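Below, each chain spelled out in residue letters.
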Amino acid sequence: MCNLKNIILPALMAVLTITSLQAQEKPHVVFVVGTPHYNPKDSMAGLAKQMVELGWKATVIDTDYNAEGNEKGIPGLEALQDADLAVLYLRFLALKPDQFAHIENYLKSGGPVLAFRTTNHAFRFPRESKLADWNREFGVRVTGSRYYPHSNQKTNVLIVNPHEILSGVDISPSREAAGTLYTVDAPKNATVLLEGESYFNNKNNKHDKVRKVLSEMDSQGNGKDDVFWLWENEWGGKVIYSSIGHPVSFRDTNWVRLFVNSIHWLVEKPVPALEAKIKPIDAGTIMNTVYK
């Protein structure tokens, strides 16, 4: 039985720390939620609880307000100092310098990262900020790709490389993932495990990367791009980037298992056995968290 503890910090920031007995001996995964988009407030909390059930210590750093562009930023990021793994679901943030320093220090220490969907456009600092370069660089340096436009409909996912992370994940021959297909530019030295196919209607987009995807569309207007890859960043940290991350996707235990397996692999632990109980996560159907 686990303890569930809410700690309310200044600036209306809530850190949800989930621990089990002898938690000090368990790997510590820290989830950082920095956007209402795609409702990661619920999906990341659900994933954290599942990790505790599998014997981990988990901390969820979240806010009860929309952190995007908010001058309050995200308090509580010092929890990353004790993290074995950071799971990031961020979008268009303008953190205070001392808050951002906790993320930067973690990355530069070579800590592993699981980055979801919008994290490739995690920051939108003001132009005059000394951190403004991270607006573009964070996606490339941390997730492996900057942000480009996306498709218009759901995504059908195919395996392009078998891997232990896919153990217990049923994709035969393809599996639907809710949410549009992100146009990305995975690093040449990344190992891409999954590719997505989706319909594009923005045929007049002039960006070279998007034009390439559009030029390869089939007769029905479907384009393809990478949706899940493994990589090592410039600081020697292991990285998994997943553009799969729509709230409805978490209802499918195959995607939940993919993320659970990823968390284990990133800290060099064996992925759970096939008979391990992986549960669906109800993260709702809305695209954005609703704050009271």
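What counts and what doesn't
- Residues numbered from 1 in each chain as written.
- Predicted model: local features only at pLDDT ≥ 70, side-chain atom pairs only at ≥ 80, totals over all residues.
- Heavy atoms only, no water.
- Core = buried A, V, L, I, M, F, W, Y, C linked by side-chain atoms within 4.5 Å.
- Buried < 20%, exposed > 50% of the residue type's maximum accessible area, 1.4 Å probe, protein only.
- Helix = DSSP H or I, 4+ residues; strand = E, 2+ residues; numbered from the N terminus.
- Phe/Tyr/Trp six-rings, centres within 6.5 Å; stacked < 30°, edge-to-face > 60°.
- Lys NZ or Arg CZ within 6 Å of the ring centre and 35° of its normal.
- 1 Å grid on protein atoms, 1.4 Å probe; cavity = no way out; pocket = protein on both sides within 12 Å on 5 of 7 lines; lining within 4 Å.
- Points joined across faces, edges and corners; volume = space filled by probe spheres on them.
- Nonpolar A, V, L, I, M, F, W, Y, C, P; charged D, E, K, R; others polar.
- Salt bridge = Lys/Arg side-chain N within 4 Å of Asp/Glu carboxyl O.
- Expected span 1.5 Å × (residues − 1).
- Polar contact = N/O pair within 3.5 Å; in protein donor to acceptor, adjacent residues only side chain to side chain.
- Contact = heavy atoms within 4.5 Å.

Nonpolar side chains in soluble globular proteins tend to end up buried together. With 81 residues, the main nonpolar core has F31, L47, F123, F138, L194 and L258 as its most contacted residues. Per element, the largest residue contribution to this core is 8 residues, and it comes from helix α5 (residues 253-266).

Applying the stated criterion across every chain, the model contains 12 aromatic pairs. Taking 6.1 Å as the distance between ring centres and 50° as the angle between the ring planes, the aromatic pair formed by F116 and F250 counts as tilted. Taken together, the positions of F116 in strand β6 (residues 113-116) and F250 in the loop between β11 (238-242) and α5 put the pair 134 residues apart, joining distant regions of the chain. Grouping aromatic residues by their ring pairs yields a cluster made of F100, F123, F125, W134 and F138. The residue whose ring lies beneath R124 is F92, and the NZ or CZ to ring-centre distance is 3.7 Å. Geometry around W265 places K238 over its ring, the cationic atom sitting 3.9 Å from the centre.

The computed volume of the largest pocket comes to approximately 210 Å³. Forming the boundary of the largest pocket are F92, N120, H121, F123, R124, N135, R136, R146, Y147, Y148 and P149. Across the lining of the largest pocket, the residue classes tally to 5 nonpolar, 3 polar and 3 charged.

Taken as a whole and judged by the stated rule, the model has 9 salt bridges. Between K279 and E53 there is a salt bridge whose closest N-O contact spans 3.3 Å. Remark: E53 occurs in helix α1 (residues 40-53) and K279 occurs in the segment after α5; sequence separation between them is 226 residues. A salt bridge links R91 to E68, with the nearest nitrogen and oxygen atoms 3.0 Å apart. Taken as a pair, R91 in the loop between β5 (85-90) and α2 (97-108) and E68 in the loop between β4 (57-63) and β5 lie far apart in primary sequence, 23 residues in all. Here the salt bridges do not stand alone but share partners, grouping E137, R141 and E234 into one network.

Turning our eyes to something else, we now look at α1. Under the 1.5 Å per step criterion, the end-to-end length of α1 is 20 Å for 14 residues, consistent within 8% with the ideal 20 Å. Turning to α1, its buried residues are P40, S43, M44, A45, G46, L47, A48, Q50, M51 and V52. Positive backbone phi, approximately 100°, marks G55, located one or two places after α1.

Topologically, Q220 is positioned in the loop between α4 (208-215) and β10 (222-232). Here Q220 falls in the exposed class, since its relative accessible area comes to 55%. Taking C-alpha positions, Q220 is 9.9 Å from S198, a pair spaced 22 residues apart along the chain.

Attention now moves to the side chain of S262. Mapping S262 onto the fold places it in helix α5. You can call S262 buried: its relative accessible area is 0%. A distance of 2.7 Å separates the side chain of S262 from the backbone oxygen of L258, its partner in a polar contact. Filtering out sequence-adjacent residues up to four positions away, S262 remains in contact with I165, F228 and I240.

This is a description of form; function is not addressed.
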